[in-house]
Each structure stands twice: as structure tokens, then as C-alpha cells.
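Notes for the structure review
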6 protein chains.
Amino acid sequence: MKLALATWVEVEDYLKDNDGIIVPIGSTEQHGPTGLIGTDFIIAQGIAEACAEQLGCYVAPPLAVGMAQHHMAFPGSMTLHPATYIQVLVDWITSLSKHGFRRIYFINGHGGNIAPTLTAFNEFYAGVSLKPETEESKTLCALASWWTMPNTDALIRDIFAEKDGAHATASEIAITQYLCPESIKPAAPDLFVAAAGTPLDIHNGYDYRRRFKDGRIGSDVRAANPEDGGRVFKQAVKDITEHCTKFFQS
Amino acid sequence: MKLALATWVEVEDYLKDNDGIIVPIGSTEQHGPTGLIGTDFIIAQGIAEACAEQLGCYVAPPLAVGMAQHHMAFPGSMTLHPATYIQVLVDWITSLSKHGFRRIYFINGHGGNIAPTLTAFNEFYAGVSLKPETEESKTLCALASWWTMPNTDALIRDIFAEKDGAHATASEIAITQYLCPESIKPAAPDLFVAAAGTPLDIHNGYDYRRRFKDGRIGSDVRAANPEDGGRVFKQAVKDITEHCTKFFQS
Amino acid sequence: MKLALATWVEVEDYLKDNDGIIVPIGSTEQHGPTGLIGTDFIIAQGIAEACAEQLGCYVAPPLAVGMAQHHMAFPGSMTLHPATYIQVLVDWITSLSKHGFRRIYFINGHGGNIAPTLTAFNEFYAGVSLKPETEESKTLCALASWWTMPNTDALIRDIFAEKDGAHATASEIAITQYLCPESIKPAAPDLFVAAAGTPLDIHNGYDYRRRFKDGRIGSDVRAANPEDGGRVFKQAVKDITEHCTKFFQS
Amino acid sequence: MKLALATWVEVEDYLKDNDGIIVPIGSTEQHGPTGLIGTDFIIAQGIAEACAEQLGCYVAPPLAVGMAQHHMAFPGSMTLHPATYIQVLVDWITSLSKHGFRRIYFINGHGGNIAPTLTAFNEFYAGVSLKPETEESKTLCALASWWTMPNTDALIRDIFAEKDGAHATASEIAITQYLCPESIKPAAPDLFVAAAGTPLDIHNGYDYRRRFKDGRIGSDVRAANPEDGGRVFKQAVKDITEHCTKFFQS
Amino acid sequence: MKLALATWVEVEDYLKDNDGIIVPIGSTEQHGPTGLIGTDFIIAQGIAEACAEQLGCYVAPPLAVGMAQHHMAFPGSMTLHPATYIQVLVDWITSLSKHGFRRIYFINGHGGNIAPTLTAFNEFYAGVSLKPETEESKTLCALASWWTMPNTDALIRDIFAEKDGAHATASEIAITQYLCPESIKPAAPDLFVAAAGTPLDIHNGYDYRRRFKDGRIGSDVRAANPEDGGRVFKQAVKDITEHCTKFFQS
Amino acid sequence: MKLALATWVEVEDYLKDNDGIIVPIGSTEQHGPTGLIGTDFIIAQGIAEACAEQLGCYVAPPLAVGMAQHHMAFPGSMTLHPATYIQVLVDWITSLSKHGFRRIYFINGHGGNIAPTLTAFNEFYAGVSLKPETEESKTLCALASWWTMPNTDALIRDIFAEKDGAHATASEIAITQYLCPESIKPAAPDLFVAAAGTPLDIHNGYDYRRRFKDGRIGSDVRAANPEDGGRVFKQAVKDITEHCTKFFQS
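Parameters and conventions
Residues numbered from 1 in each chain as written. Chains lettered and ligands numbered in written order. Predicted model: local features only at pLDDT ≥ 70, side-chain atom pairs only at ≥ 80, totals over all residues. Heavy atoms only, no water. Helix = DSSP H or I, 4+ residues; strand = E, 2+ residues; numbered from the N terminus. Rg over C-alpha atoms; globule rule 2.2 N^0.38 Å. Buried < 20%, exposed > 50% of the residue type's maximum accessible area, 1.4 Å probe, protein only. Areas by Shrake-Rupley, 256 points an atom, 1.4 Å probe, with all protein chains shown as cover. Lys, Arg positive; Asp, Glu negative; His and termini not counted. Charge placed at Lys NZ, Arg CZ, Asp CG, Glu CD. Contact = heavy atoms within 4.5 Å. Salt bridge = Lys/Arg side-chain N within 4 Å of Asp/Glu carboxyl O. Polar contact = N/O pair within 3.5 Å; in protein donor to acceptor, adjacent residues only side chain to side chain. Least-squares fit on C-alpha atoms with pLDDT ≥ 70 in both. Axes fitted to C-alpha atoms, helices over the stretch in contact; angles between N-to-C directions. Parallel < 35°, antiparallel > 145°, perpendicular 65-115°, else oblique. Core = buried A, V, L, I, M, F, W, Y, C linked by side-chain atoms within 4.5 Å. Phe/Tyr/Trp six-rings, centres within 6.5 Å; stacked < 30°, edge-to-face > 60°. Lys NZ or Arg CZ within 6 Å of the ring centre and 35° of its normal. Expected span 1.5 Å × (residues − 1). Pairing = 2+ DSSP bridges. Right-handed = clockwise from strand over helix to strand, strands pointing away. pLDDT = per-residue confidence, 0-100.

We now examine the overall build of chain A. Looking only at helices and strands, chain A features eight helices and four strands. Order of helices (α) and strands (β) in chain A, N terminus to C terminus: α-β-α-β-α-β-α-β-α-α-α-α. Its C-alpha atoms give chain A a radius of gyration of 18 Å, near enough to 18 Å, the size a compact globule of 250 residues would have. Reported as C-alpha extents along the three principal axes, the dimensions of chain A are approximately 55 × 35 × 30 Å. For chain A, the proportion of its 250 residues judged to be buried stands at 66%. Accessible surface computed for chain A: about 8300 Å², of which carbon and sulfur atoms make up 54%. Where the 20 positive side-chain charges of chain A centre and where its 29 negative ones centre are 3 Å apart.

Next up on the list: the side chain of D:H110. Its place among the elements puts D:H110 in the loop between β3 (103-108) and α4 (114-129). Every residue in contact with D:H110, bar those within four places of it in the chain, is listed here: D:G26, D:S27, D:E29, D:D40, D:M67, D:A68, D:H70, D:H71 and D:W147.

Here we take up the interface of chain B and chain A. Across the boundary between the two partners, chain B contributes 52 residues, which contact 52 residues of chain A. In this structure, the connection of chain B to chain A is made through four salt bridges. For the pair chain B and chain A, the interface holds 24 residue pairs in polar contact (both at pLDDT 80 or more). For the side of chain B that touches chain A, the secondary structure elements donating two or more residues are α1 (8-17), α2 (39-55), α3 (82-99) and α7 (205-211) of chain B.

Turning our attention to the relation of the copies chain B and chain A. Once chain B is rotated about the relating axis by 180 degrees and shifted along it by 0.0 Å, it coincides with chain A to within an RMSD of 0.0 Å. Such a combination of turn and shift is consistent with a two-fold rotation axis. In terms of C-alpha distance to the rotation axis, chain B has B:T84 as its closest residue, with the C-alpha 3.4 Å off the axis. Both copies share a contact surface, since 100% of the interface residues of chain B are interface residues in chain A too.

All names here are of chain D. At a minimum axis separation of 7 Å, helix α6 (residues 170-179) and helix α8 (residues 226-249) run at an interaxial angle of 100 degrees. In terms of axis orientation, α6 runs roughly perpendicular to α8. Across the interface between the two elements, A174, I175, Q177, Y178 and L179 from α6 touch P226, G229, G230, V232, F233 and K234 from α8.

Buried together is how nonpolar side chains tend to be arranged in soluble globular proteins. Counting residues in each nonpolar core, the largest one holds 410 residues, and the members touching the most others are A:I22 and E:I22. Apart from residues no more than four positions distant in its own chain, E:I22 is found in contact with E:A48, E:C51, E:A52, E:L55, E:C57, E:Y58, E:V59, E:A60, E:Y105, E:I107, E:C244 and E:F248.

This part is about the packing of aromatic side chains. According to the stated counting rule, one finds 66 aromatic pairs over all chains in the structure shown. Arranged with centres 5.6 Å apart and planes meeting at 45 degrees, the rings of B:Y178 and B:F233 form a pair that is tilted. One end of the pair, B:Y178, is in helix α6 (residues 170-179); the other, B:F233, is in helix α8 (residues 226-249), and 55 residues separate them in sequence. For the pair C:F106 and C:F121, a centre-to-centre distance of 5.2 Å together with 50 degrees between the ring planes defines the contact as tilted. Of the two residues, C:F106 sits in strand β3 (residues 103-108) while C:F121 sits in helix α4 (residues 114-129), which places them 15 residues apart along the sequence. The residues C:F106 and C:F121 share a single accessibility class, namely buried. An aromatic cluster of at least three residues, connected via ring pairs, comprises A:W8, B:F74, B:Y208 and B:F212. Above the face of the B:F247 ring, B:R103 is positioned so that its terminal group lies 6.0 Å from the ring centre.

Take α8(B) next. Residues separated by three or four positions in an α-helix point in the same direction, a consequence of the helix having 3.6 residues per turn. Residue and element names in this part refer to chain B. Helix length check: α8, at 24 residues, gives a terminal C-alpha distance of 34 Å against a target of 34 Å (1.5 Å per residue), a fit within 8%. Taken residue by residue, α8 has D228, G229, G230, V232, F233, A236, V237, D239, I240, T241, C244 and F247 as its buried positions. Of the surrounding secondary structure, the elements contacted by the buried residues of α8 are β1 (20-25), α2, β3 (103-108), β4 (140-145), α5 (150-160) and α6.

This paragraph deals with helix α6 (residues 170-179) of chain C. Buried residues dominate α6(C), accounting for eight of its ten residues. By the burial criterion, the buried members of α6(C) are C:A170, C:S171, C:E172, C:I173, C:A174, C:I175, C:T176 and C:Q177.

Residues and elements named next belong to chain B. Most of β4 is tucked away: six of the six residues are buried. Here β4 shows no split at all, with L140, A142 and A144 on one side and C141, L143 and S145 on the other all buried. As judged from the six bridges shared by β3 and β4, these two strands associate in the parallel manner. The residue of β4 that forms the bridge with F106 is L143. The parallel pair β3 and β4 is bridged by helix α4 (residues 114-129), and the resulting crossover is right-handed.

Quick look at unusual backbone geometry now. Even without a glycine there, the phi angle at A:A168 is positive, about 55 degrees. Residue class for A:A168 comes out buried when judged on its relative accessible area of 0%. Positive phi, normally seen in glycine, also occurs at B:A161, with a value near 45 degrees. Among the secondary structure elements, B:A161 is positioned in the loop between α5 and α6. Its relative accessible area of 41% is what places B:A161 among the partly exposed residues.

Considering only C-alpha positions, the minimal separation of the non-contacting chain C and chain E is 17 Å. Contact between chain B and chain F is absent, and the least distance between their C-alpha atoms amounts to 17 Å.

Next up on the list: the confidence of the model for chain A. A residue-level look at chain A finds 96% of positions with pLDDT of 70 or above and a mean pLDDT of 95. The ipTM value of the predicted complex is 0.96, and its pTM value is 0.97.

Below, the discussion takes up the sheet that holds β1(B). Residue and element names in this part refer to chain B. One open sheet accounts for four strands, arranged β2-β1-β3-β4; its pairing is parallel. Each end of this open sheet is capped by a strand with a single partner; those strands are β2 (58-59) and β4. Alignment of β1 against β2, held across two bridges, turns out to be parallel. Along β2, the bridge assignment pairs I22 with V59. Its contacts with the sheet place α4 against β1, β3 and β4, and it is angled at close to 175 degrees to β4.

So this is what it looks like as C-alpha cells:
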């Protein structure tokens, strides 16, 4: 159920017996010459809405622009400063907590969001922990980055092996091909291999572009196809639905 | 053209001959017992994408959560603090400006966003004005709230007259009925008339709910229907396309 | 009654039966080659003190430096960043609210202050709306920009017609001539007409000066004189006193 | 010369041969049952304008609301958070520096402003020191609290001796009697002596009021009179004019 | 070489041929009934100084108070808000970068610091990425949490196996016993096993204490001893020295 | 007693009968060609730990990096922006106050910390004063800069007279020689005398280095020796222990 398509009266009813909600978070950033700039939020939103359908819970609108400072040397990328990102998530959590949502589950589509999202949780919690206890101490948050769910990760390795890469991966491009069949772009002709450096060595945008010239990190996008994208998508929905169920019951 | 469905290479090409972009901004907030919580960003996004189609320009993803503190006494509403909202818009503008977008046109679906959006423009501009001049002084922003365009406003008055109201208006509900026909909710049985106060007297959320008990301000939602919604929508697209064209050429 | 000339004991007494206060807000910014840099706060303070006299209420000291980033290419202009401006007003409101002032009425002399002032109100209100209800939810704010009061506006149009312009207007210069007769400057010899652009197209300071070379926007300051200034001033005091009375009684 | 009564053209001329400006800073806070709430900015403004007259330099409008959190248990007191105060002063300094003012001299009327003012200078300087050198490194600030000037302090001790006290002092009340003869209040009948604690032991507002019940700290306001106020005022103007002259020439 | 024990002249010489520096970061927080409150920064500082000795590079003073909001229900714990933590690290990085340090290597002793540290790096980088390129784009940061180095982790598993736990671990207590032999506390009598929840389920401080009653998470501190502490410490120094060497050469 | 070497159970016990704690604050900044970069926090920490020993109270870890923007033109100096510094101290105070520490005594080793520390106290207090009263109003802070204690100051004048200077003083170098005998550096060959300016005239880092070329302000470091350092250190410990005792009992 999309929060955006509900009325406040319906939400008020829901909160009598439920206190869980899903929030998709992604990014608007370059995904190489083949991947869509919206890849990260499109996938997060797609998975989140499918999970919410299965769970019978509400799903908030996606956070479309995330923390992507390292992609700013590629046109079309947008970013929040991490400090802004944190404040945004604190405001979202505070808003939902005010109404009585006590389990807020973030489904994430972008690696660069992980650290600031966890930091945002702690910023919200710090506001709780440093003051006398109130009802707000019952509001708990969880984060699930879809590609890190063990079964999903195993399936990706099984299908794409070393062609998947670390940014603008074959798997995420395949999922967007599945979700947005009208926006499939021609694959870049070959595998871009960075001259040096590993995915962990991500610093500022200038440094990134110097090392990863077309934006990809080690991905062979010729391996992407809508069918495999659909398989990974469904596995991720299954994995995350189970994970979220446990969180809502905790 | 949706920025989310482009690649960075396509955006780089676009920027050789163009420097305009459209950004839809809305809100996630109660719209009375009949209106959708996502009304404001759904309409802004709908209009923005239609305008971008006509203009052949890019449209960014929508800002789905805006400044809606006054609706926080109704479940499901979400808000950014105004200070957060400003920082978000400054970050979006700074990101786009970094790539060479010099005309950034915001299409707005929520009255409560007007003041903080203009304030965000000035926050960005203050960063320019207080320092030695750089290229960034060429980046200009404009704001269009769809219901304030003269011809659109006239059409709304013509169709809905005094039934339109000031929040959760008949016209905005009609547009969402047109855009989301699968989510038409039963109309509230009557016109809610606030016991006292006018639309200009909006303060905090507790005060709001005391005065406007079901969330609406003076709107008779029984007047809303998808056909009239479509008429208003198309007029707004036409008006804003013209207005944006002038801005892009300025 | 000026707050600055009272003792705390007198204010304590006042608050037993009253909860209203007036706050003048202005700007320190260029007003063309003829207008005073202090025009906006001088007028706001003048009107505010006259209204307070009639209402028997307290008037705070003026906010002399406002949001004037767009005037920063003209020497002598001073500005707060909008984010600073908001925090200042939130602190002023919080201070007054702490003592029990429940109706805080801002009389404004500067167009550039309107959006950030409304945004500041919402920042204060957001602090109320996102937390459990306290006494602070009774503290309400209102804004009146003197030249927008209908009767005042009508009188200006009647006296100055199209010579008034949009910045460094004949009417505001006339009022400062009335209030500060010892500081009447020689009028600029002619009407400066901007080569292009309208008053709504205000962006950063560099852009402003390029388009409005001597600082004025379309005003013919030769029309200003102390007598007409006095007429407009008195009308504004009358209009705002009535408006404020309603707010204090709401 | 008041900046508020100048035009930008006059300021532009001034800056060809001068780069100094005076800024008065004060507070809006309780000064016991006899002293005016505006005491601190009224005196700072009075001295600043007299000094500027002698120096032939511009004087900015006063900062009327300063850092007075410790007085917030007394009605009518207003305060900025120190963090806000700092940002305000940084914005003022940045504005003036943008135009080429290189010597900014703050005349202060309130003890509670000293630490945050010096901190604000350092916040502005930190922005300079942590970046490559620009013209802004030439902009220097100085602070003078009138009652700390050696000759002024000696005169106060000579006239009021131990009756002066540490807050709502006889000398500052005397100066306001000199500057605002129409607002002389009846003196509190006796010397309020705090049961315990010294002027250095100032903490939060609740603690302050518990220890200093009527707001004064050790002052016998019966000693205040306009004549002595005038003597102290003139001495302060003389001392500060000399001090400022050196700073402008440094 | 400790930065604190150098002179600026020595640092100036060092920077002619070197651009690397080590920064230890830890926390001041409860470590169960047996562990020291300073455990995290004591270990980080110890390892950092030993590594710097081997590398011949400078080591900054430790960040002693980190992000520990979740421990605030246990007396003696201190925390920075994550937003403060980020600003502190940005200021430290900016300071070092100003002098020409281009490789800044953080050795971390506290799990709760990981997300905010990476976020702080991105906040610093965002300042670089959103502006025209300067020398600052050459300043790169890296993070090493000592217990995550593969060989160190293997040794811990080898020595302590499942008795290590997840907070107030046997291994970290053993290291502090090795480094601070005069402060060895009696071991808690048994293994505290949380009734429910896993180490990943850390939220606010109230929730933490409810679930982990004596502060430990699954650690059997009876297994800790100085000898094993020394072995782990030396392995960590070896691992991190190698890791840092690669970073300095990158 | 060092907080870092205690367990939370010990702190819980301590708080049953005590509510005082000492916090050393210093700086990491150039101290001329002879003085150690860590001088200010090394001395503050040394004195604080000695005082805590005598008082039987806890001492927190030192704040090693303070407000030193004016030293940033000398390699190795580190600084927090004053705004960051304030937020750090507010977080430290808030953490300690949460546990029931009601008297927090800061022992300071750096002149540049004085204004921002007092400002931080007021920022914490403002949070108390602007809200309804809570237990937090009982938390009071005090600041002692060791070289300003009257007897310590007298001893310094007695030993070093005019050779002490105002930065990188002979006395502080002597104390570090006493505390860190293995890090005694050769004395700069002569007394550096600034061509112009006084210690009070400290602005940004560029200006500082222009005027005080080797970092010192008027100090003849040849006068420093460990014996005299020990004498001053012991006097400071004695003075501050007495001062702190009174504060803890207030």
C-alpha cells in the first residue's frame, strides 16, 4: 500500500493495529554509459512497493536523491551533502514517529547511502538517548541494502559472476531493464577496467573520474538482460520481505 | 525526458546546447478524508513530466516530502523542517549548477513550499552574492505553483467556483482522480466549513487540527471528477510550458 | 510603548492582562542613488511604534539587518543569510513566547524579508508540531508588510501611479523624507528603466546590478515629497492598527 | 555618519579613501526594577554615533538583541542562542568586508556579548585561515566594551564606588537617564545584595533569578543621576574614539 | 612520532618529503562491569603510536570522545551527536590538508565510529566535489578499524572463539590489560547473554540497556588476559602498518 | 581518578555521593620553534589529573584539539571552527549532565579557548533557559585557565618576568620540559620581538604569521628549564585544586 495513495483516515485506522512502514532510499547518479541515472531509487522503490504489497504495510515515497558526492564529475548526478542527508532522514523518521510508526524499515538501492543512513539513525537516537525517556524510545529503524541480502547476493554471483562489478553493476542494470523495458540503452561495447584502485578506494568526484573513466567500476554490462533482472528482483523481494517481517515483529 | 531514465553521456550531450531543467516539488501530507496524501507531488510530477515532454528538456525526480509542519496532527503527513528543506534545495541546485544547468525551473504542487523554496533560492544566491563572482552567478532559479497560473486559476474558478476551497481543494482532488483513476476515494459527505479562521491563518499542527477538523479548508470534494481534473491538468501544463519557455530563454 | 524603555517589572504587569507584542523588521540595503540605506527598517520602526502607541501594546526593537543578498553588489548593503535570518527570528519568537507573549505581530518594511519570515514562523511551528503539545502551541505569529495593506496600496497608486516602481519606490522614499526630514537627498535626475526583466526576476547580487544599474527598479524618485510621505505613513498606521487588533483578539 | 541615512553612492565614495566602520552591539534584557530593558543597546548606539561623528566614519545600525540567555527568567528579556549570535556577526562582517570595509570596530554595551563576539570574530577568521589567502585576510575586527576602557572605568569608580555593582549598574542607568530623560524610572528603594555568589558565577536563567531576585547584581541605583551619566558617557566617547582611531590606522 | 611532541619547524621539514599522517579515533563509553570506559581510544592510540613508530610518520592526538549515543544509559559514557562528530572530523581533515597532508589514515577503536567516520570523509569530499577543482582534491582519507583486519580477526577467533562477543569483547579487554596493567579489574563472574537481539540490533540507549543489562554483548571477559592482549595488539600493529603503507604509497 | 580507567559500575557508585568532574581542554598548535605542538593539552591534562588525584574526583580525557585558527599558517596546527568547538563542548556537557554530573570544571591550557568555552557554556545554558525548568538547570560549569590563577601568575612573573611573553611563553615551555623531559628541544637563539602589534591584536592566521614570524609572541624561551616548570606546575595544581573545591561545594 502506497502512503501516497492513502488518505489520513486510512492511515489512522492502520495505526490502530500496525506500526510498521517501509521507506525506499536511492540515488540520482551516473551509472556508466549504459545504466540509468535513476537506477538506485527505481530499484529501491520497485522492491519496496512489492514487499509492502506482500506485507500489507505502507510504503513511503522514495528518497530519490541520496549521497552521491563521488559521482559529481559526471553530468546528471545529484547529491545531498551528508549533513543534509542526515537531517532529511531524521525529519522523515521524526514525522513518522510522531504518528506512532514504531518500526521504520529502509530499503536501500545505493552503497553510498549506507554510512549516512546509519549515521542518521544514530542522530535520531542521540536525540532520544540524551534526554529523559519518552515514547520516542520505542521507535526503531532498520536498513536493508537489497544486493547484500545473502540469497540475493548468491544469485547475482551465480548469474553474473565476475562480470557484475562494483558500480553500475550488471545486476542492477538488468533489474532496471526488467522494471523499465522502454528505457533499455545499448550496452557499452566492452568491460571497462580501472587502471588502478579498488571499489573501496572511493574519494571525491575528481579522483573518481580520473580512475573510473566512464563511471563503471569493473562491470561488464553486456551481461545484463531483463530476464535475469527479473530473477534477481524477485529474489530480493523475497529476501527483504522475510527480513522486514522479523523486524516488524521484533 | 526524465533525468532518471537518461545516462550521463546523454546528459553531457544535452548540456552542449541546452542549460534548462525542470524540478517538480510537492508534499506528502493529509488532504482531508477524500484526498490522497501524495496529492501535491503526484500533480507536480505529472505536470512537470508533461511540460518537459513538450519542451524537450530534462525533468528531475520529484521532491516528494516538502514543508508540511502544519499538517502533522493528521497521520501519514511527513515534513521537513524548513531549515532542512532549504538545505535540500540548495544541494539540488548546487548539484545541477555544477554540471552547467543555468536555468532551474521548479514546478510546485504545495502552498506550504512557496516561502521556503524562495528562501532556498536566496540561500543559494547569498552564497554567490557574498563572494567574488564565479560562473555560478549565471545559475538562475524560478518557481511556478501550478494553481496560481492566471489561466489555470480562471478555469478552476469557472468549474468549481466557491466549492474549490483552500486546502484539499476540489481541483487538486480532481486532478489526482484523472492521474490515478485506480485510487479514487469516496467523497466526504459534505462541505466542511471551518468554525473560524481563514486560509491565511495557518500556524502549527495542533492549531490547524483544532480549526480544520477533517483537514480540509472549505472544499466541497463532491465537486471533484476525473474529467474536470483532466481539463485543469491540461491547462496547467499549457500555462507552465509557456512560462518555462520564457524563463529558459531569459 | 517601547519594550526597550520599559522595566521587566512593567512587562510582568502587562503580561497579566495582555499577550500581544509588535516586532518591526526591515533591512539595511541600497535604495538607489536617492533613497536611504536604512529606509526599510526606519519605516517599519516608525509604523510599528505608532501602531503600538494606538494599541497600548509593547513594540520590540527593530530587526535592522534583514535578507538582502540581492543588493550586495551595492556598497553599504548588509544581509543575513536566509538560514541565519530564520534562526534569528526563531530565537526572538522563542524568547517572547517563553514570557507568555502569545500573539507576535511582525511589521515588515522589506519585500525580501517576506519569504524568510514566513519560513521562520514555520521553523518555530515545526518545533511545536513535531513534539507532544505544550503551552508553546498557543504562540501564534502574523506578518504585515505595510505597502501591501489594501488601503495603503490604493493610496500609493492614487498618489504616485506608475512612478512608484518596485524598489526604492517613490512612496518609501517619501515616507523617509517625512520621518527624517534632515536627510532628504537630491533626487536622481530621471526615471531609471531597466533594460529588461521584471521585479519578480530577482536573483543574485551580480545579476541584479547588471539589470538594475543604479539600484532602483522602475521608480521615479522625483515624485517623492514629505507631505505625500506623511499621508501614506498615516494610512499604513491606520490599516495595520486595525489588522493587528484583529490578530490580537483572535 | 549613520550608514542608515546614507545612499549607496555616498558609501561608494567613502570607500575610495576610507575602510573603517563602527558597529554598536547591545542587548534587550532586564536591568532590574529601575533600569531600562534596552539599556545596553541604547548606550552602545549612543556612544557609537558620537564616536562616528568625531571620526567622520560610518556607524551601522545597532545589534539590539544580543546574548542574554541568563536573563530569560525576567519578562521582556530577549536572547539569541550563542550559535545564532555568532552567525549573525559573521554575516554582518562578511557583508561589510564584501564592500571593502577592512577595519570593523564593535562598540559593545553588554558583558554577555564579549565571549560570543570574540568567538564570532574567530569564526569569520577561521573561514579565512583554513583556505588559500584572499583579500578577505585584510579584514580585521576589534571589540571595545565601553565600561572597560581604563579612564571610563576609573571615572565610574570615582563617582559611584561600590554602589555601581555588576549588573544594572548605577553607571549604566545614569547614562540612560542622560540619553533618555523622558524615561527615568523611580529608583528601587534599596541596594539589593545577593545572598550568595559573585558576578562571575552566572549560569542559566533559573539559577540567575534564584540568586539575584530582582535582577540587579549589587547595584545601588539610588546613586544614578543624569548629570553623572553624562559625565561617564562623554568620557567613554573620548576613550573609545582614541582607541578606534588607533585601530583604523593599524 | 607524535605530532604533539614536535615543533612546527619539524613538521614543516617533514612535509617536504612526506604527506602522510595517522589519526587515532576512539570512544569514551561503558565496556561492561570489567572493561575500561576509555578502552576504545586507549587501544586506538596505542596501535596508532606503534604504527607511526614503524612508519616514521606523525600521529595526531586521539579523538577520545566518539559516537556512543547507544551507551548513554550507562554512567560515564560520553558521546558526540553524529552531526557534531562529522563536523569535528571535517575540521581535523581540513586543518591537516591545509598544511599539505594528502594521506590521512584513521585508526579506529570503536564500531560505532565507522559509519560517521565514513560519512565525515564524504562531507569533506562533498566540499571538494561540488566546487571547481583545487589542490584539496588530492587529500585522501582512509579508515582502519583494528579488529577487522583479516589476520587480527583470525587471531582473535583463534584465541577467544565464541567467548569474544560483540561489545566489551574479551580481546579488547585483554589489550587494555596489556597496555594498562595497573588498571586490570576483576572479571564479571559469568558470561552475560542477552535475552534477545543481535549485535546488529543497536538502537537508542534505553533500548540498549533493556536488552544488554550489564553493557556487554555476549562476551565472556574471564577469558581476557594481558598475554593474549599483547599478542592481538602486536598482530593489529603489524596488519595496520602494512595497510597504511599501501595507502601512503597510493 | 581517570574516567577512562574506570568502569561504568564504579562511576555509578561515585555518583551516589558526588557530582563533580574535571575536564581538561587544550590545543594542538604551533608553539614557536622550541615549544611542543601539544603544549596546551599536555599541561591542561597534567594539571587536571593532579588536581583530580587530590580531590578524589573523576577527570575526563582531554580535548586535544581546540580553537586555534590563528595558528593555521604554521604546519602541524589543528583547529576546530569555533562553531564546531561549541557544539563539541555542549555535547560533552550534555553527556555528563545526563548521568547526573552537576558541577563540570574545565581546566584550560589555551588562551584561544577561553571565549569559545564560555560561549559553549552559554549555548548549553540557553537550551535550559528557554525551556520549562528541568533537572538540567542544576548542571553548572566553570572554567579555569591555569596561567590566570593569581598565585600562579605571580610566580610566573617572579621567575620569568618580561621574558615570559604572550605565546609560546617561557613558563609553558618550562612546564612541558618538566612533564616531558624526553622531548626538550633546543631553545631558539634569541628573543623574537614582533615588529608591531600586541598580544590582543590576534586576527586570522595569515595576519598572525606576518606579524609574529616564528610563532612566538615576545617570549625568550632560553629562560625555560624543567625545574622552574615544575615549580609553576605545582603552584597551578595547588591554586586550581582550591578553586575547584569551592566550585564543587557551591
